[in-house]
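Commentary on secondary and tertiary structure
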Amino acid sequence: MAELYMTKTVDVQTRVEDYLNDKIQTAADLEQVDSLLQRVQEQQNLLRKQLEDARKNYTEAVNRVNERSNDLRERAEECRREHYDIDQRLRALAQSNVSDDAAQKVEARMNKVRSLEVAQGYLELVQQLNSLSGQAKENLDAHPGISVKAYIRLREIWRHIQDAQPAAEGAAPQLAYLFEQQSQQLYSTIKGSLEGSLRETLTQMNWPGKELKFPGNVQEKWEQEVRLLLQLQDPDLIGAFARFDPGSRSSTLDPVVLLPLEVMVQPLTARFRYHFYGDRPTNRLDKPEYFLTHVLDLLETHSGFMSDMLGPILDDRARQSEALESIYTDAVSAFITALLPMVEAKCLSFLPQISQQPQLMSHFMHELMVFDTAIRDTWGYVPIPRMLAEWRGITWRVLTTHGYFALWLKVEKDFALSRYRSIRDASDSNDIEFDADATQTKPTKGAIRVNDLLETITDRYRALSSFSQKMKFLLEIQLSIFDDYHNHLHGGLQAYLVSSHTAGRLLQGQSEAEAFGLKGLESLAKIFGSAEFLERKMSDWNDEVFFLELWDELQYRAKANSGTGAPIGTDLKVDDVADKTSTTIKSKGTETDGDTDGSGLFDQTASAYRRLRERSEEEMLRFFDINLRGALRSYVRLAQWSTLVETPSDPAAMTPSPSLDGFFQTTATLLGYLSRVLAQGSMRRICKHYCSTLQREIYDNVIMHHTFSATGAAQLARDLSEIKATIEKNSSLRGVTGAGLKRLEEAVYLLSLDASQGLGNGEEDEWGFDDDEIGEKAKGQATTDEAINDDGGLKKLGLWDVEKLIFESNEAARKALRDMGLYHLSEGEARNILKRRVELNG
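No experiment lies behind these values; they were computed from the predicted model shown.

1. Notes on the overall build of the protein
Summing up its helical and strand segments, the protein has 32 helices and zero strands in all. When burial is assessed residue by residue, the protein has 43% of its 842 residues classed as buried. Partitioning the contacts of the protein with sequence separation of at least 6, the portion at a separation of at least 24 is 73%. Looking at the protein as shown, the accessible area adds up to about 45,500 Å², and 49% of this sits on carbon and sulfur atoms.

Structure representation (structure tokens):
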């Protein structure tokens, strides 16, 4: 211990020494010793005070712990004493020395007490039930409002009992049953009494007469009875609202007829049955519009009364709670809800009688959809706000709920296919409709009628509210007709292809003139025009609002069911629908934005018609190639190009070669016919190909196979000028030969150069070419001083000048061609053309 004390002392001394060394390092620091001692004293006093406070807190904490321990000991002792007293009391009560037996006996007695309390509660509820029932019945005539309130209180008790049953594991079924029976009986009693009073009031009002009467306080009485009936019905309406789950597809809610309107509609129903049932002349199977129009007339007659009289009552009821606000609709919609059961019942009485008569069935469904559209659009029918804002219609209930859709679809399909076959097989079905739009290719009359038929079918099912039913109409009727007509057109194309080959013509007994004459072109033009017309119509349909909405719904369902394999509608699989409409819906199931690619319901069908149109156009081009070669056969064999006959002074006065007569006739016949049938775009494509083939034939088989004198070249130039004029005249397209014959024009120009003309002669082109056009091009391209006259005009290059430049070098040849405005000929082609001149041939 002494050693420890000495160690501590040494440590203190060391720390003091270090402190002094730190504070006193120079002689001047000795002057501050007093202040240093004062600060040390202050710190010591502070530390001493903190030590005293710590000792005091410690003492207080120890005292509190001791007090808490004493308190816990006292409470534990008290608990033991109380436990002992309870055991003694249990033994005394149960007359048993074992505490467990005593507890069991006490528990059994407590169960009896609880059973007694439950029985007492049962009796109190039954007493309350009897009291409310008696109160409701006693005041039914004098004070019906009290009866209604008593019934509503009874319904609330019954609802609480029902809500408590699951937690009680169905402990009171007899009580729940008793309340249910009493509630139903009381509801029927009150309802019958109030409805009877309302009927009497309606009789005094002259309802449903055209002129209503309100003697005395009849209006106030009517309003009070209506309010009481609505109040009586409120528990049922609120219960339906509470059970409805808007997020569940299986949760459905049908419009409910309000009790006052149920009474007010009864005389209207009686009149309806009188006029539209039995043997009355207004009850006709072929005139369903009679009773449907009658219902619309009722709305027109009584809508004002409903809006003015019933509307404020319903609005006041709706403001009383959120549930009622979500249930009560406007007065006119409530009136429509009361009339619709009468209409549906009449429709169901009609259908068994007309189900085996296709025309009557089709007409009935059409009129019913017109009626639904009028209710939905004209009257703005909203069955139940927030829960059933969109009404599907009586048509949907008849077709879906009552199962008449398959029968109706078969009727419409049989009718459409029968009408389609009569159109397709009509004698004038393949005739061109020349009175069609002048800016478009002329289709056949059959294609136009088929399109009209398909538009009529669209009108048949446009008003349906079911997506699945719309898709079945589209797939099974419209697209089926499209596919069959495509097969019909494709069969016509295949028949032509067979006749265009020798073996096929022999089998069919046709001649080549029939296959490659005007008749063959007419066949191709009819196929081409019909395919283009229907393809264009399908493109228009893809942009129509009805089909756009159907397409959007199809995309949404396909995306929602992607990966699950679930159908996208009733008996509609994604793969089957995609094969007939558009394959993009199968890929869009995994995409986030699939609405920007321009796809639509008619993609697959339109693609088939597009391929048919392109194939028929290819055959038309091949048709023209064959006819053109045949028409130029005698012209190609002409061997008078190198004659040395003197060239006329006016080449434009020369007559075209007689060997071109067949070409001119063929061109006038074929292009003249197509100019009446094809649109300008298609006609330009045909003419461009025609000119390209013509250019190749004359260039390869005339220019490159013969030698030409000046006269022969002039004759060729005159022939080319007449060929261009003939094509443009019969095609009715100005300038259509410009690009297609440019290379040939330049070759003829080069071939027609004057051998006696040199640089600077300034003579006009004697071969009849448009020197203004060529001169302008040459002006823009000439770069040498010797190619331009002093007055700025283009100098004329003669044959020998051109020959010298063309054969000098490639660079000189390119420059010479550029100076002459010839851009479609290469240096080698220019040399080969010049070699065809007799003067240069040696």
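2. Regarding the pattern of salt bridges
Close approach of charged atoms lets side chains of opposite charge pair. Applying the stated criterion across every chain yields a total of 38 salt bridges. Its salt-bridge partner being aspartate 484, residue arginine 424 comes within 2.9 Å of it at the nearest N-O pair. A residue pair is termed long-range when its members are at least 10 positions apart, and arginine 424 in helix α13 (residues 405–424) and aspartate 484 in helix α15 (residues 467–499) qualify at 60 residues. Exposure remark for aspartate 484: the relative accessible area of 29% places this residue in the partly exposed category. Members of the salt-bridge network, linked through shared partners, are Lys191, Glu195, Arg199 and Glu262.

3. Quick look at the confidence of the model for the protein
Looking at the protein, pLDDT values average 83 and 84% of them are 70 or higher. Throughout residues 503–507 the model reports pLDDT below 50, and contacts reaching past four residues in sequence, or to other chains, amount to nine contacts. Across residues 759–795 the pLDDT falls below 50, and counting only partners more than four positions away or on other chains, this stretch makes 68 contacts in the model.

4. Examining the layout of surface pockets
Once rolled over the atoms, a probe with the size of a water molecule shows which space is left empty. For the second largest pocket, the calculated volume is near 680 Å³. In terms of lining residues, the second largest pocket is bounded by 32 residues, among which Asp234, Pro235, Asp236, Ile238 and Gly239 are the most central. At the level of elements, α4 (144–164), α6 (218–243), α9 (322–327) and α10 (331–354) are the ones that each hand at least two residues to the lining of the second largest pocket. Of the residues forming the lining of the second largest pocket, the biggest block, 10 residues, is contributed by α6.

5. With respect to the packing of aromatic side chains
In this description, a pair of aromatic rings is defined by centroid distance and the angle of the planes. Tallied over the entire structure, the rule returns 29 aromatic pairs. Pairing phenylalanine 350 with phenylalanine 364 gives two aromatic rings, centres 5.9 Å apart and planes at 35 degrees, and the pair type is tilted. A residue pair is termed long-range when its members are at least 10 positions apart, and phenylalanine 350 in helix α10 and phenylalanine 364 in helix α11 (residues 358–378) qualify at 14 residues. A residue is classified by how much of its surface remains accessible, and phenylalanine 350, at 1% relative accessible area, is buried. Sitting over the face of the ring of phenylalanine 434, arginine 676 holds its NZ or CZ atom 4.4 Å from the ring centroid.

6. Some thoughts on the packing of helix α14 (residues 445–461) against helix α18 (residues 518–542)
Interhelical geometry of α14 versus α18 gives an angle of 25 degrees and a closest axis separation of 9 Å. Viewed along their axes, α14 and α18 adopt a mutual orientation that is roughly parallel. As α14 packs across α18, the resulting crossing turns out to be right-handed. Contacts between α14 and α18 involve Ala447, Ile448, Asn451, Leu454 and Glu455 on the former and, on the latter, Ser530, Phe533, Leu534, Lys537 and Trp541. Classifying every residue of the contact of α14 with α18 by side-chain character gives six nonpolar, two polar and two charged.

7. So, a nonpolar patch on the surface
Side chains of Val16, Tyr19, Leu20 and Val40 sit close together on the surface and give an oily, nonpolar patch of about 300 Å² of accessible area. Mapping tyrosine 19 onto the fold places it in helix α1 (residues 2–23).

8. Points about the nonpolar core
Judged by nonpolar contacts, the single largest core of 203 residues is most densely connected at Trp222, Ile481, Phe663, Leu674, Leu716 and Leu750. In this view, isoleucine 481 contacts Ala416, Leu417, Tyr420, Val450, Leu453, Leu454 and Ile457; residues no more than four positions away in its chain are not counted.

9. Topic: the environment of lysine 688
Its location among the elements puts lysine 688 in helix α25 (residues 680–703). Considered as a pair, lysine 688 and threonine 737 are 49 residues apart in the sequence and their alpha carbons are 7.0 Å apart.

10. What to know about unusual backbone geometry
The bulk of non-glycine residues show a negative phi, and the bulk of peptide bonds are trans. The residue after tryptophan 207, namely proline 208, is reached through a cis peptide bond having omega 5 degrees. Its identity as a non-glycine residue notwithstanding, asparagine 206 has a phi of 65 degrees, on the positive side. A positive phi angle, near 60 degrees, is found at serine 732, a position not held by glycine. For serine 732, the location among the structural elements is in the loop between α26 (710–731) and α27 (742–751). A relative accessible area of 55% places serine 732 in the exposed class.

11. Considerations on empty space enclosed by the protein
All chains considered together, the criterion is met by two cavities of 30 Å³ or more. In this structure, the largest cavity occupies an estimated 50 Å³ of space. For the largest cavity, the full set of lining residues is Glu412, Phe415, Ala416, Leu453, Thr456, Ile457, Arg460 and Ile477. Counting residues per element, the ones that place at least two in the lining of the largest cavity are α13 and α14.

12. Remarks on α10
The end-to-end C-alpha distance of α10 is 35 Å, a good match for the 34 Å that 24 residues give at a rise of 1.5 Å each. A bend of about 30 degrees at leucine 339 is the largest found in α10, and the proline proline 341 appears one to four places after it. Within α10, 18 of the 24 residues are buried, which leaves the element mostly enclosed by the surrounding structure. A side-chain oxygen of the first residue of α10 lies 3.3 Å from the backbone nitrogen of valine 332; this N-cap is aspartate 330.

13. Overview of the side chain of glutamate 225
Mapped onto the elements of the fold, glutamate 225 is located in helix α6. An unpaired buried charge is present at glutamate 225: no salt bridge exists, and lysine 221, the closest side chain of opposite charge, is 4.3 Å distant. Here glutamate 225 is in contact with Ser197, Leu198 and Thr201, once residues within four sequence places are set aside.

14. Structural notes on the side chain of histidine 302
Residue placement: histidine 302 occurs in helix α8 (residues 289–318). Each residue touching histidine 302, except ones within four places of it in the same chain, is listed here: Trp207, Pro208, Gly209, Leu268 and Phe335.

15. Overview of the environment of asparagine 206
Topologically, asparagine 206 is positioned in the loop between α5 (173–205) and α6. Among the polar contacts listed, one links the side chain of asparagine 206 to the backbone oxygen of glutamate 211, at a separation of 3.1 Å.

16. Quick notes on α4
At 3.6 residues per turn, the α-helix brings residues three or four places apart onto the same side. Between the first and last C-alpha of α4 there are 30 Å, a value that for 21 residues agrees with the 30 Å anticipated at 1.5 Å per step. Of all the positions in α4, only Pro144, Ser147, Val148, Ala150, Tyr151, Ile152, Leu154, Arg155, Ile157, Trp158 and Ile161 are classed as buried.

17. As for the packing of α6 against helix α7 (residues 259–276)
Interaxial distance between α6 and α7 falls to 7 Å at its minimum, and their mutual angle equals 125 degrees. As the angle between them shows, α6 and α7 are arranged oblique. Along its contact with α6, which presents Trp222, Val226, Leu229, Leu230, Leu232 and Gln233, the element α7 presents Leu259, Pro260 and Met264. Here the contact of α6 with α7 is built from residues that sort into eight nonpolar, one polar and no charged.

18. Quick notes on the state of the cysteines
For the coordinates displayed, the defined rule picks out zero disulfides. Cysteine 687 takes part in no disulfide bond, and the closest cysteine sulfur, belonging to cysteine 691, lies 6.4 Å away.

Conventions adopted
Residues numbered from 1 in each chain as written. Predicted model: local features only at pLDDT ≥ 70, side-chain atom pairs only at ≥ 80, totals over all residues. Heavy atoms only, no water. Helix = DSSP H or I, 4+ residues; strand = E, 2+ residues; numbered from the N terminus. Buried < 20%, exposed > 50% of the residue type's maximum accessible area, 1.4 Å probe, protein only. Contact = heavy atoms within 4.5 Å. Areas by Shrake-Rupley, 256 points an atom, 1.4 Å probe, with all protein chains shown as cover. Salt bridge = Lys/Arg side-chain N within 4 Å of Asp/Glu carboxyl O. pLDDT = per-residue confidence, 0-100. 1 Å grid on protein atoms, 1.4 Å probe; cavity = no way out; pocket = protein on both sides within 12 Å on 5 of 7 lines; lining within 4 Å. Points joined across faces, edges and corners; volume = space filled by probe spheres on them. Phe/Tyr/Trp six-rings, centres within 6.5 Å; stacked < 30°, edge-to-face > 60°. Lys NZ or Arg CZ within 6 Å of the ring centre and 35° of its normal. Axes fitted to C-alpha atoms, helices over the stretch in contact; angles between N-to-C directions. Parallel < 35°, antiparallel > 145°, perpendicular 65-115°, else oblique. Left-handed = near helix turned anticlockwise from the far one by under 90°. Nonpolar A, V, L, I, M, F, W, Y, C, P; charged D, E, K, R; others polar. Patch = residues over 30% accessible without salt bridge, like charges linked within 9 Å, V, L, I, M, F, W, Y side chains within 5 Å. Core = buried A, V, L, I, M, F, W, Y, C linked by side-chain atoms within 4.5 Å. Expected span 1.5 Å × (residues − 1). Bend = angle between axes of the 7 residues up to and from the residue. Polar contact = N/O pair within 3.5 Å; in protein donor to acceptor, adjacent residues only side chain to side chain. Lys, Arg positive; Asp, Glu negative; His and termini not counted. Disulfide = S-S within 2.5 Å.

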